[in-house]
Amino acid sequence: MTKMRSLVRGVGKYLPEKIITNDELARTVDTTDEWIVQRTGIEQRHVAADGELTSDLATKAAQEALKNAGLVAGDIDLIIVATTTPDMTFPSTAVFVQQKLGIHHGMAFDIQAVCSGFVFAVATADSYLKNRLAKRALVIGAETFTRILDWEDRTTCVLFGDGAGAMVLEGVELPDDQADQGILGSRLRSDGEHWDKLFVDGGVSSTKTAGVVHMQGREVFKHAVGMISDVIHGALDDTGYEADDLDWFVPHQANRRIIEGAGKKLGIPPEKVIVTVDKHANTSAASVPMALAVGVADGRIKPGDLVMLEAMGGGFTWGASLIRWT
Ligand code: UT7
């Protein structure tokens, strides 16, 4: 007997050149480097240049992922971009990436699940590949999140940054005894009851504007660790693994205290956790794939490793994905 599996072929990331440090922010808004580092772990964030679009960041991350996979753009027949900050209301950012990569076949579309978008996109691509709707997918998390910040609101503007991360997945039919590879299981959740704890006060059908971010940080924080732990336990239960079996935990990078809280609750030691929030800040859907790209590039995540991805954000949405790295 055989099983269809989505195997990871490569990952990549792109960060815009411009960096804003906490001290620089403290010159324009009532905050301090000390407060930001203590409460969040963030030291700096990257900010896209004027005219640099989400699809530009996404395309650069995708090109690096393709190079690391030893593939070319023409090998891809599915592009999913997870973003909350699309180039335009329509068409999707994914079709702009498709155009910039010079791909004319297959399909491309966006997913909107805010900070959980990449995990939702991985699970979606996995289903497409397993059902043979496509052969090779580019799964991208890309954000120009700083464009929807109120730079006078110190409770939000210090938290976020821009960037993009990408993963190439390939659907492969494997004999049962070799099927412990690739995406092993995913759990996705959402509960719109919590929408007003983290939202943007604009939209096409409501205000005809893009709006800016509002967050009840303490409320989000209160729910985060429990929700994250729930979906991780779910993904472990589905696949027969335990937290002890994990080689790497790659969480959404919103706040170092949330990451440490989740690690503690799950019994995952800090040396098995990939942390980039210090240098990247919270890049919403881009945070998990960029953290993966960092962990692979510096040699920590290796073929054969068991890797747990996790994210939680606006909606609320939350999810986890368990991957045997290839
Ligand atoms: O990515 C999607 C998911 N998002 C998250 O996971 C974010 C979750 N929330 C958090 O990470 C934290 O709640 C924050 C980092 C946003 C805030 O940390 P906190 O420890 O929950 O602080 P707080 O909101 O309870 O605020 C404490 C104090 C307040 O002053 P008072 O009322 O105690 O006098 C704030 O006004 O800190 C003040 N404050 C600041 N002070 C200096 C809020 N923002 C700042 C700031 N600089 N930037």
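Refer to the preceding data block for the structure.
Residues numbered from 1 in each chain as written. Predicted model: local features only at pLDDT ≥ 70, side-chain atom pairs only at ≥ 80, totals over all residues. Heavy atoms only, no water.

Let's talk about the overall build of the chain
No. 1: Looking only at helices and strands, the chain features ten helices and 13 strands.
No. 2: Relative to its length of 326 residues, the chain is compact, with a C-alpha radius of gyration of 18 Å against a globular reference of 20 Å.
No. 3: In terms of principal-axis extent, the alpha carbons of the chain reach across some 60 × 45 × 40 Å.
No. 4: Counting every position in the chain, which comprises 326 residues, the buried fraction comes to 57%.
No. 5: The distance from the centre of the 32 positive side-chain charges to the centre of the 44 negative ones in the chain is 1 Å. (Helix = DSSP H or I, 4+ residues; strand = E, 2+ residues; numbered from the N terminus. Rg over C-alpha atoms; globule rule 2.2 N^0.38 Å. Buried < 20%, exposed > 50% of the residue type's maximum accessible area, 1.4 Å probe, protein only. Lys, Arg positive; Asp, Glu negative; His and termini not counted. Charge placed at Lys NZ, Arg CZ, Asp CG, Glu CD.)

Considering the sheet that holds strand E8 (residues 182-190)
No. 1: The four strands are arranged E8-E13-E12-E11 in an open sheet whose pairing can be described as mixed. Every other strand in the sheet has two partners, leaving E8 and strand E11 (248-251) as the edge strands with one partner each. Averaged over all neighbouring strand pairs, the angle between strand axes comes to 10°, with direction disregarded.
No. 2: The pairing of E8 with strand E13 (residues 317-324) spans eight bridges and is classified as antiparallel. Each bridged residue has a counterpart across the sheet, and for Leu-188 the counterpart in E13 is Gly-319. (Pairing = 2+ DSSP bridges. Axes fitted to C-alpha atoms, helices over the stretch in contact; angles between N-to-C directions.)

Here's the deal with the nonpolar core
No. 1: Ile-232, Leu-236, Phe-249, Met-308, Met-312 and Leu-322 are the most contacted members of the largest nonpolar core, which totals 44 residues.
No. 2: For this core, the elements supplying multiple residues, two or more each, are helix H7 (217-239), helix H8 (256-266), strand E12 (306-313) and E13.
No. 3: Sort the elements by how many residues they give to this core and H7 lands first, with nine residues.
No. 4: The two domains that each donate at least three residues to this core are domain 1 (2-175) and domain 2 (182-324).
No. 5: With sequence-adjacent residues up to four places away left out, Met-308 is seen in contact with Ile-232, Ala-235, Leu-236, Leu-246, Trp-248, Phe-249, Val-250, Ala-320, Ser-321 and Leu-322.
No. 6: Core analysis: the second largest hydrophobic core is formed by 34 residues, Val-11, Val-139, Trp-248 and Val-307 among them. (Core = buried A, V, L, I, M, F, W, Y, C linked by side-chain atoms within 4.5 Å. Domains from an automatic or database assignment. Contact = heavy atoms within 4.5 Å.)

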